[in-house]
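Chain by chain, the residues run as shown.
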Amino acid sequence: MLRIFLPKILNSNIYKKTAVVNARKLKKSELILTYTQGKDGIELETRRIGKPGDYVVKNPSGEEYIIAENIFLNRYEHKHFNLYRPVGKIKAIKYNGPDINFYAGWGEKMILRTGDMLASPAPDYNEIYRIGIMEFLQSYSPELYPYIL
């Protein structure tokens, strides 16, 4: 996926996540199934077993996923109780190919549908993952640069 899509992603827009999320730190291993809004209703996007110290993030849409502790602490800022504000940025492109499955960075299959977004996190751009289009539209906005006069 990196070899095929990263050049296009690197030439795309920068987006920032704007949605405040709910997150909890895992105390023991736990399987999290990530469901998103698909073309035929709610569908399983991927699955992942989190280990102690990882975070389970819940977006406002209800989508849950696991992020390793070191990555979570670089991408989110604690606000209040279990609420966190995103501080990371991504570059992303809209996928327009056939529906496929690919292996995500954590080794599990991830579904990719036409119209979904393929994203890579700044500043390293060392992984690619899918963001369902509905979740993307609810959670991300283009990075706006102030005009210099």
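Residues numbered from 1 in each chain as written. Predicted model: local features only at pLDDT ≥ 70, side-chain atom pairs only at ≥ 80, totals over all residues. Heavy atoms only, no water.

For the rest of this paragraph, the subject is the packing of aromatic side chains. Applying the stated rule across the entire model yields seven aromatic pairs. An angle of 75° between the planes, with centres 5.9 Å apart, marks the rings of Phe 5 and Tyr 95 as edge-to-face. Of this pair, Phe 5 sits in helix 1 (residues 2-10) while Tyr 95 sits in the loop between strand 9 (89-94) and strand 10 (100-103); the two residues are 90 residues apart in sequence, bridging distant segments of the chain. We classify Tyr 95 as buried; its relative accessible area is 7%. An angle of 10° between the planes, with centres 5.1 Å apart, marks the rings of Phe 136 and Tyr 140 as stacked. By the burial criterion, Phe 136 is buried, and Tyr 140 matches it. Among the aromatic residues, those joined into a ring-pair cluster are Tyr 55, Phe 72, Tyr 76 and Tyr 84. (Phe/Tyr/Trp six-rings, centres within 6.5 Å; stacked < 30°, edge-to-face > 60°. Helix = DSSP H or I, 4+ residues; strand = E, 2+ residues; numbered from the N terminus. Buried < 20%, exposed > 50% of the residue type's maximum accessible area, 1.4 Å probe, protein only.)

With that settled, consider the sheet that holds strand 7 (residues 76-80). Spatial strand order, 6-5-2-8-7: five strands in an open sheet with antiparallel pairing. Looking at which strands have only one partner, the edges of the open sheet turn out to be strand 6 (64-67) and strand 7. Sheet twist, expressed as the mean angle between neighbouring strand axes with direction ignored, is 40°. Where strand 7 and strand 8 (residues 83-86) come together, four bridges link them in antiparallel fashion. For Tyr 76, the partnering residue across the bridge sits in strand 8 and is Pro 86. (Pairing = 2+ DSSP bridges. Axes fitted to C-alpha atoms, helices over the stretch in contact; angles between N-to-C directions.)

Ordered in space as 13-12-9-1-14, the five strands form an open sheet in which the pairing is antiparallel. Taken across any chain shown, the strands that pair with only one partner, and hence form the sheet edges, are strand 13 (129-131) and strand 14 (140-142). Strand after strand, the sheet turns through a mean of 45° between neighbouring axes, direction not considered. Pairing of strand 1 (residues 14-17) with strand 14 involves three bridges; the strand directions are antiparallel. Paired with Lys 17 across the bridge in strand 14 is Tyr 140.

Before going further, it helps to spend a moment on the pairing of strand 8. Going residue by residue along strand 8, you find Tyr 84 and Pro 86 tucked away on one face and Leu 83 and Arg 85 left uncovered on the opposite face. Inspection of the sheet shows strand 2 (residues 21-25) paired to strand 8 by two bridges, in the antiparallel sense. Bridge pairing in strand 8 places Val 21 opposite Tyr 84. Where strand 7 folds back onto strand 8 in an antiparallel hairpin, the turn is made up of two residues, including Phe 81, whose phi is positive at roughly 50°.

Before going further, it helps to spend a moment on the nonpolar core. One recurring pattern in soluble globular proteins: nonpolar side chains tend to sit buried together. Counting residues in hydrophobic clusters, the biggest one holds 21 residues, and the most contacted among them are Phe 5, Ile 9, Ile 90, Ala 92, Leu 118, Ile 131 and Phe 136. Counting only elements with at least two residues in this core, the list comes to helix 1, strand 9, strand 11 (109-112), strand 12 (117-121) and strand 13. Look past the residues within four positions of Ile 131 in its chain and what remains in contact with it is Ile 90, Asp 116, Met 117, Ala 119, Phe 136 and Tyr 140. Counting nine residues, the second-largest nonpolar core is a separate cluster that includes Ala 23, Val 57, Ile 67 and Tyr 84. (Core = buried A, V, L, I, M, F, W, Y, C linked by side-chain atoms within 4.5 Å. Contact = heavy atoms within 4.5 Å.)

Counted as a void, the largest pocket has a volume near 800 Å³. The wall of the largest pocket is formed by 37 residues, among which Ile 67, Ile 71, Arg 75, Glu 127 and Tyr 129 lie closest to the centre. Counting residues per element, the ones that place at least two in the lining of the largest pocket are strand 3 (30-38), strand 4 (41-50), strand 6, helix 2 (69-75), strand 9 and strand 13. Split by residue class, the lining of the largest pocket holds 18 nonpolar, eight polar and 11 charged. (1 Å grid on protein atoms, 1.4 Å probe; cavity = no way out; pocket = protein on both sides within 12 Å on 5 of 7 lines; lining within 4 Å. Points joined across faces, edges and corners; volume = space filled by probe spheres on them. Nonpolar A, V, L, I, M, F, W, Y, C, P; charged D, E, K, R; others polar.)

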